[in-house]
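The residues making up each chain are set out below.
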Amino acid sequence: LLLCGCIGSAAATEQIPDTVFMGGQRHVMHAEPFGMLLDQPEHWQTFRKLLDAGAGRCSANWRGYRGDWEITDDRLYLKRLVSNACAESPPEIDLQDYFPGQQPPIPAEWFTGVLVVPQGEPGGNDHMGYSTQYPHYLLLDIRAGQVVAQKKLDHAQFQAWREAQRKASVPAQ
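All values derive from a computational prediction rather than experimental measurement. (Residues numbered from 1 in each chain as written. Predicted model: local features only at pLDDT ≥ 70, side-chain atom pairs only at ≥ 80, totals over all residues. Heavy atoms only, no water.)

So, about the nonpolar core. A general feature of soluble globular proteins is that nonpolar side chains tend to end up buried together. Formed by 29 residues in total, the largest nonpolar core has its most connected members in Phe34, Trp69, Leu78, Phe99, Trp110, Leu115 and Leu140. Residue assignment for this core shows that the elements contributing at least two residues are β1 (18-22), α2 (34-37), α3 (41-55), β3 (65-72), β4 (75-83), β6 (113-119) and β7 (136-143). Excluding anything up to four places from it in sequence, phenylalanine 99 contacts Phe34, Leu37, Leu78, Ile106 and Trp110. (Core = buried A, V, L, I, M, F, W, Y, C linked by side-chain atoms within 4.5 Å. Buried < 20%, exposed > 50% of the residue type's maximum accessible area, 1.4 Å probe, protein only. Helix = DSSP H or I, 4+ residues; strand = E, 2+ residues; numbered from the N terminus. Contact = heavy atoms within 4.5 Å.)

Mean pLDDT for the protein: 84, with 83% of residues reaching 70 or above. Here helix α1 (residues 2-5) is the element of the protein with the lowest mean pLDDT, 41, and strand β5 (residues 106-107) is the one with the highest, 98. Note that residues 1-11 has pLDDT below 50 and, in this model, 20 contacts with residues that lie over four places away or in other chains. (pLDDT = per-residue confidence, 0-100.)

Another point: the environment of isoleucine 142. Its location among the elements puts isoleucine 142 in strand β7. As a C-alpha pair, isoleucine 142 and alanine 108 span 34 residues in sequence and 9.6 Å in three-dimensional space. Setting aside residues no more than four positions away along its own chain, isoleucine 142 makes contact with Phe111, Thr112, Gly113, Leu115 and Val147.

The next subject is the pattern of salt bridges. Inspection of the entire model under this criterion finds seven salt bridges. Close ionic contact of aspartate 18 with arginine 63 constitutes a salt bridge, the shortest N to O distance being 2.8 Å. Of this pair, aspartate 18 sits in strand β1 while arginine 63 sits in the loop between α3 and β3, and the two are 45 residues apart along the sequence. On the basis of relative accessible area, aspartate 18 is assigned to the buried category, the value being 0%. Here aspartate 141 ties to arginine 143 by a salt bridge, and the two come within 3.2 Å at their closest N and O atoms. Classification of arginine 143 as partly exposed rests on a relative accessible area of 42%. Three or more residues joined by partner-sharing salt bridges are found here, namely Arg66, Asp68, Arg80 and Glu92. (Salt bridge = Lys/Arg side-chain N within 4 Å of Asp/Glu carboxyl O.)

Printed below as a string of structure tokens:
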């Protein structure tokens, strides 16, 4: 989520977002719940092997993957991961490497944070990070994979919320 608000002003490519299926519709998502797992050394090493084996990245997918998620019964689930999301037919990542013995959809019990789900027709962007502007944003507060609260904001309210998050994450001097 901090990636949303902490990207500098250098020229770059807008990133391919994860997706979330909810309420009968597929939406882009300006959050990366799988990234929290990659903070664990064993998961990072598994992922590095995938990249080293030639999974590839492109300027629109620096993280090397895209996740497809769903919200069902107020729970977040991982449906699939693909590597090299820029490819016309991106290869699926074997979720057994991260969740042995589980079949998708995988309950995202490891994730606690806020999912930002843009809504409405996309507007202008700065061609970096997740810069495309939308008229509304649905913020889903997730605790251990469970949706505990949600809030809908217009663009101006979202900008104010994002700025408050940015300020709250800066350590006191």
